[in-house]
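Listed here are the chains, written in short residue letters.
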Amino acid sequence: MSASISDFFENWGPDIWEALIQTFQMVGIALAISILIGLPLGVLLTLSGSGKALENKFLHQILNLVINMIRSIPFIILLFFILPFTKFIAGTTIGVSGVIAPLVIYTAPYIARLMESSLLEVDRGVIEAYEAMGIKTRHIIWHVLIRESRSSIILGLTIATIGLIGATAMAGLVGAGGLGDLAYRFGHLRYQADVMYVTVFILIILVQGIQTFGNLISAKLKKD
Amino acid sequence: MIHFENITKVFDAKSKETKALDDVSLHVKKGTIFGVIGYSGAGKSTLVRMANLLEKPTTGKVYFKGTDLTTLSMSKLQEARRNMGMIFQSFNLLKTGTVYENIANPLKLTGVPKKEIQARVAKYLEIVGLQDKANAYPAKLSGGQKQRVAIARALAHEPEVLLCDEATSALDPDTTDAILSLLDRINQELGITILLITHEMNVVQNICHEVAVMDNGRIIEQGKVIDVFAQPKTKTAKRFVQSLFNDSVPEQLVNSLEGSGQIVTLSFVGESSGKPALAMVTKQFDVYPSILSGNIAQLKDQPFGRLVVHLQGNATETQKAISYLIELGVIVEGYKKGGKQHVS
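What you are looking at is a predicted structure, and each value in this text was computed from that prediction instead of being measured.

Some points on unusual backbone geometry
Residues and elements named next belong to chain B.
Piece 1. Within the chain, F91 stands out as a residue other than glycine whose phi angle is a positive 65°.
Piece 2. Counting through the fold element by element, F91 comes out in the loop between β6 (84-88) and α3 (99-109).
Piece 3. In the Ramachandran plot, N92 falls in the positive-phi region, its phi being about 55° despite a non-glycine side chain.
Piece 4. Within the secondary structure layout, N92 lies in the loop between β6 and α3.

Let's talk about the sheet that holds strand β10 (residues 218-224) of chain B
Backbone hydrogen bonds are what pair the strands of a sheet, in a parallel or an antiparallel way.
Residue and element names in this part refer to chain B.
Piece 1. The strand order β6-β7-β8-β3-β9-β10 describes an open sheet built from six strands, whose pairing is mixed. Looking at the sheet topology across the chains shown, the edges are occupied by β6 and β10. Mean inter-strand twist for the sheet, computed between neighbouring axes without regard to direction, equals 15°.
Piece 2. Where strand β9 (residues 210-215) lies against β10, six bridges are found, and the strand directions are antiparallel.

Description of the domain arrangement of chain B
Residues and elements named next belong to chain B.
Piece 1. Per the domain assignment, the segments of chain B are domain 1 (2-234) and domain 2 (245-342).
Piece 2. Taken together, the contact between domain 1 and domain 2 spans ten residues of the former and eight residues of the latter.
Piece 3. For the side of domain 1 that touches domain 2, the elements supplying multiple residues, two or more each, are α7 (201-207) and α8 (225-230).
Piece 4. Element by element, the count of residues in the side of domain 1 that touches domain 2 is highest for α8, at four residues.
Piece 5. Looking at the side of domain 1 that touches domain 2, its residues break down into six nonpolar, four polar and no charged.

Some remarks on the interface of chain B and chain A
Piece 1. At the interface, 20 residues of chain B touch 20 residues of chain A.
Piece 2. Elements that contribute at least two residues to the side of chain B that touches chain A include exactly α2 (74-81), β6 and α3 of chain B.
Piece 3. Among the residues making up the side of chain B that touches chain A, the classes are represented as eight nonpolar, eight polar and four charged.

Calculation criteria
Residues numbered from 1 in each chain as written. Chains lettered and ligands numbered in written order. Predicted model: local features only at pLDDT ≥ 70, side-chain atom pairs only at ≥ 80, totals over all residues. Helix = DSSP H or I, 4+ residues; strand = E, 2+ residues; numbered from the N terminus. Pairing = 2+ DSSP bridges. Axes fitted to C-alpha atoms, helices over the stretch in contact; angles between N-to-C directions. Domains from an automatic or database assignment. Contact = placed C-beta atoms within 7 Å. Nonpolar A, V, L, I, M, F, W, Y, C, P; charged D, E, K, R; others polar.

This is the structure we're talking about:
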């Protein structure tokens, strides 16, 4: 038994390791860029709503429409649908760099929505107190809105990260590799069930770890 | 200091317009504590939020130290707002910040130098009596303590005006008294002008110099607290005074006494409250007063008392006694079931 386990890792270890690294790369880079786009987008979406600091009905509805449109497209279709755009942005449509653009387009609007629901939880009264103290809107955004909802934002980002891991599984279709790709190509197409089991097991650990970590940070940031 | 001129505010919800403020003019003098009292929906909250333009008037002008705030650009308005502190019914503190951060962060954001921030936080935490809570989070504080933090946060900007939006309405009676005496001290020691709104008459009674009574978006009565207490003119003002001085007498008693003399309400203000007026009446006239109900309370600077008295005696003697009481400075009103009626 122990021999067969060590045999397995001798055969598959490097491939699994490489796939894991690819998954981390895709999730890490795509998440970072998605946050950079999604967070401000979420703030804009929230603040352009009626009765908010930057109320703008037109902008609000446009943002809503665009976010809903992108979120209606399944990732696997999005991946091919925006191929020309990906080519234009990344110069390639294959490999890890070829999949970052679709991952970001898939995740950023999702993060914006999650941000919106977090930011809407912030007590209107605190914002008003800061307005009454003569504090500028951009300072209120960071020092009140985002600060007060940070615990909820972290939970949202945890959800987004796990969703992103799911999406990277399909990235194999454009040759970006990753754990999902490994499980599909070897586990499913070549009937090597053990590879499938190990990959799924790693994914379970990964998701569990991220969720636990997110919950922990969120609880730590929560002070009430 | 603050001057509202013909303020009207119309909120238009989907199908109908509501007039929250209807041609309101008000002047708050520097150094005073000005109370605006009214039932909920009277428009008082909208009014106090006009003072720093959190709510913009539909028509009318808001002057602060002679400047019309409605004409200012956003950045000029923000500058003006730093000179007006504000506290709220729901305290509105950052949940994620300690007491220290709650006071220090807004100072940082308004460009107060770092060294000065520490000194100010320490100074104002001491004034509100929370020096030992600097590192506590609001969740660990009681309602009264949270309001103290909010007061310290407002004062730390060293404003000339403090606006209080139902600041004691969420607090129990003891805590309310403590916060009120703190506000009074702030007014006296720091010379800060206070505009407060409330639905509790005891707030007005305890600390206000002047009061305006609001009903249905209008100011229906206005003046020195003592005057409004002694002779409320409108029904709403009377009800508020009644809420502190419940001088209603059981109807059966009133009926049984009606034949044998007059029932009057006597209000004692300032000087006259110190005189043994009823004893003097008994000595000088052939009337026998009996007290049916009585109250005395301390207004901000003077005592105020009210008695409902049955004067037993013949009509001429009673009339003489009443004239004498009026001479002494007592305000005499006829008692009427379910309300009061003036006698001349």
